[in-house]
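# Structural overview for review
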Amino acid sequence: MPWTETRPMQRLDFIRACHAGTDSFSALCRLFGISRKTGYKWLQRFDPSDLSSLSLTCRAHHALTPGRFLMRSSDT
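### Focus on the overall build of the protein
Looking only at helices and strands, one finds three helices and zero strands in the protein. From first element to last, N terminus to C terminus, the protein shows the α and β order α-α-α. Taken across its 76 residues, the protein has 21% of its residues classed as buried. Considering only intrachain contacts with a sequence separation of at least 6, the fraction spanning at least 24 residues in the protein is 49%. By element, 55% of the accessible surface of the protein is carried by carbon and sulfur atoms, the whole surface being about 6,600 Å².

Okay, here's the thing in structure tokens:
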């Protein structure tokens, strides 16, 4: 399944539908076009007191290991 951009309101709609309990989790994931793994991730990250938890998170690694970008000198 190709990646598609989602808006925070789409995530909130998904979470509200999950909490309503009218449909199965799998059916809701199909309806919203996401995998079950992504659905569980959204539910786990959601914080009702902080709506910024619905925004996208960066996929890049934030911590660099020491020496990761050091150039090796093979001329010595």
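### A look at the nonpolar core
Within the largest apolar cluster, 11 residues are counted, these being Leu12, Phe14, Ile15, Ala17, Cys18, Phe25, Leu28, Cys29, Ile34, Trp42 and Phe46. Contributions of two or more residues to this core are made by helix H1 (8-20) and helix H2 (25-32). For this core, the leading source of residues is H1, giving five residues.

### Some thoughts on the state of the cysteines
According to the stated counting rule, one finds zero disulfides in the structure shown. Lacking any disulfide linkage, Cys29 is separated from the closest cysteine sulfur, that of Cys18, by 6.4 Å. The class for Cys29 is buried, based on a relative accessible area of 2%.

### Things to note about the packing of H1 against H2
Put simply, H1 and H2 touch, their axes get as near as 10 Å, and they point 160° apart. In terms of orientation, H1 and H2 fall into the roughly antiparallel class. Considering how the two elements wind past one another, H1 and H2 form a crossing that is right-handed. Between H1 and H2, the residues in contact are Gln10, Asp13, Phe14, Ala17 and Cys18 and Phe25, Leu28, Cys29 and Phe32, respectively. Looking at the contact of H1 with H2, its residues break down into seven nonpolar, one polar and one charged.

Analysis parameters
Residues numbered from 1 in each chain as written. Predicted model: local features only at pLDDT ≥ 70, side-chain atom pairs only at ≥ 80, totals over all residues. Heavy atoms only, no water. Helix = DSSP H or I, 4+ residues; strand = E, 2+ residues; numbered from the N terminus. Buried < 20%, exposed > 50% of the residue type's maximum accessible area, 1.4 Å probe, protein only. Contact = heavy atoms within 4.5 Å. Areas by Shrake-Rupley, 256 points an atom, 1.4 Å probe, with all protein chains shown as cover. Core = buried A, V, L, I, M, F, W, Y, C linked by side-chain atoms within 4.5 Å. Disulfide = S-S within 2.5 Å. Axes fitted to C-alpha atoms, helices over the stretch in contact; angles between N-to-C directions. Parallel < 35°, antiparallel > 145°, perpendicular 65-115°, else oblique. Left-handed = near helix turned anticlockwise from the far one by under 90°. Nonpolar A, V, L, I, M, F, W, Y, C, P; charged D, E, K, R; others polar.

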